[in-house]
Structure formats: structure tokens, C-alpha cells
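# Commentary on secondary and tertiary structure
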Amino acid sequence: MKTLLLCFIMLSFSAVATEKSQPLNVKRIADNVYQHVSYQYISPWGLVAASGLVVVENNQAYVIDTPWTQADSKQLIAWIDAQGFEIKAVVATHFHEDASGGLAVFNKLDIATYASVATNQLLSGKKQATASVVITQQAFALTENSIEIFYPGAGHSNDNVVVWLAQQQLLFAGCFAKSLGSKSLGNLADASVADWPQSIDKVLTQYPTIQTVVPGHGKIGTVDILHHTKRLALQKLAIDKADEKNSI
């Protein structure tokens, strides 16, 4: 009986651990570009996967968005070191944990971390680690002719930026874009839905040759991801307008 009870307890613990944790995953998605995916248990949604990138140029690695946690960020650093790459810089595309949660780890290693003025202000207001380098331009070249950081305007958050990889014609949109499998805009706690469609148009104008889009959550796709996100925002605005009209 005691053995059966012990087995039940161990199975229960294993189920909870599996449900609430998942190891960091890194995979190649394009020439010199790797996607890192980390997981965090967020109630009531459960285990939420968040994507970032590792972009390699001349054996130097540029990390686009940190993993959710400091622990997973340390794992990512270990993976990069194991490949023989040197981490040159880290970019946080907005202030939420799924983009900036590991900044403190990189800061402690004296690795240059980049974020916009708005992102640093928001992080500071939440008493979270801030980036060591502040971006003040709307379009900022992290590396010449290959990695560009662009602020399109508010959307998922007021501070969200996107990252363009010119050589791969790849846009890391992060949480600014919703995957094609998304039925809604998701977390709108810090969003500006009214500005979102126009902000997407600015990205499309800035980068008319986008071939691949990497959203912050969900499957990688084409530029259709941006059009899909715009439709979701317009639908949300139409619903809110109708609700407002009906409440009068």
C-alpha cells in the first residue's frame, strides 16, 4: 500500500513538473539564425512558449529578446558558448518578461544590452533590470546593413520594436505580431489597439521585401502574419465601437 501511495505521489509530482516546466529549445531557422524558445507557466493559460533569436555574424552572436527567466538565459548563454560563438549584444524588443526577463544575466557579464528609451523607463518603473545601451532613433542599425531595430509605433505595447535581418529578409516581430493560429490579440493589458493597424502599415512600408516573420508566440510564417494581426486589431476596434454604441 505504501509503495502504491509513493508511486501515486511521484506520478502526480511528475505531471505537475511537466505541466509547469519545459527546457529551453534552440533550433536553426535560417542561415546564421537560430530561434530560442523558452517556457513559463502563466495562469490561467498554462505553459506559454516565447520566441527569440540568436543571429550570428563572423562568429559573433546577437541575441534578440532574452528567454523568460534568468535561469533560461544562463542556459542560452551556455548553448551559445558551446557553439563557439561570442555574444556581442542583446536586444529587448519590449518591457514584458518574455522579452526582457534575462537582461540582468547579460548585464552581469558586461554584455551590451539594448532597449529603447520607453522600454528602459517601463522596466525601471517596475524595478526590473534595464538595458545598458539606450536606443533613441526610430531606425537603429545594430550591425551595418544586416540587423536593424525599428520602432513602428504602439501596438502590443507602447514601446514595442521589431528587428529586421536584411540578409535573410526576416522580420522578428515579437509580440507586435500574432501568429496565424491566433484568434485574438491576446494580452491587451499594455496595448494600444487603435494605433496597432497604422503601426503595422509602417513596418510594411519600411520593409517591403519581408519573406519571413517570427512572432513572439506561435509558428513562424510569412508577411501574412502582419496582415493577420492588422485584421485582428481592426476586428477588435469594430467590436469595441459596436459595444460602445449599444451601451448608449
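Up top you'll find the structure we're talking about.
Calculation rules
- Residues numbered from 1 in each chain as written.
- Predicted model: local features only at pLDDT ≥ 70, side-chain atom pairs only at ≥ 80, totals over all residues.
- Heavy atoms only, no water.
- Buried < 20%, exposed > 50% of the residue type's maximum accessible area, 1.4 Å probe, protein only.
- Helix = DSSP H or I, 4+ residues; strand = E, 2+ residues; numbered from the N terminus.
- Pairing = 2+ DSSP bridges.
- Contact = heavy atoms within 4.5 Å.
- Axes fitted to C-alpha atoms, helices over the stretch in contact; angles between N-to-C directions.

## Observations regarding the pairing of strand β10 (residues 162–165)
Judged by which residues are buried, β10 turns out to be covered on both faces: V162 and W164 on one side and V163 and L165 on the other are all buried. Of the strand pairs in this sheet, strand β9 (residues 147–150) and β10 are connected by 4 bridges, and their pairing is antiparallel. Of the residues in β10, the one forming a bridge with I149 is V163. Where β10 and strand β11 (residues 170–174) come together, 3 bridges link them in antiparallel fashion. Within β11, the position partnered with L165 by the bridge is L170. Between β10 and β11, which follow one another and run antiparallel, lie 4 residues, and Q169 among them has a positive phi close to 55°.

## Regarding the environment of H96
As for its placement among the helices and strands, H96 is situated in the loop between β5 (86–91) and α3 (97–100). H96 sits in the buried class, given a relative accessible area of 12%. Those residues in contact with H96 that lie beyond four places of it in its chain are G101, H156, N187 and D190.

## Structural notes on the sheet that holds strand β12 (residues 212–215)
Here we have 5 strands laid out as an open sheet, ordered β8-β9-β10-β11-β12, and mixed in their pairing. Lying at the two open borders of the sheet, with one neighbouring strand each, are β8 (139–143) and β12. Within the sheet, the average angular offset between the axes of one strand and its neighbour, ignoring direction, is 20°. Its contacts with the sheet place helix α6 (residues 196–206) against β8, β9, β10 and β11, and it is angled at close to 155° to β9.

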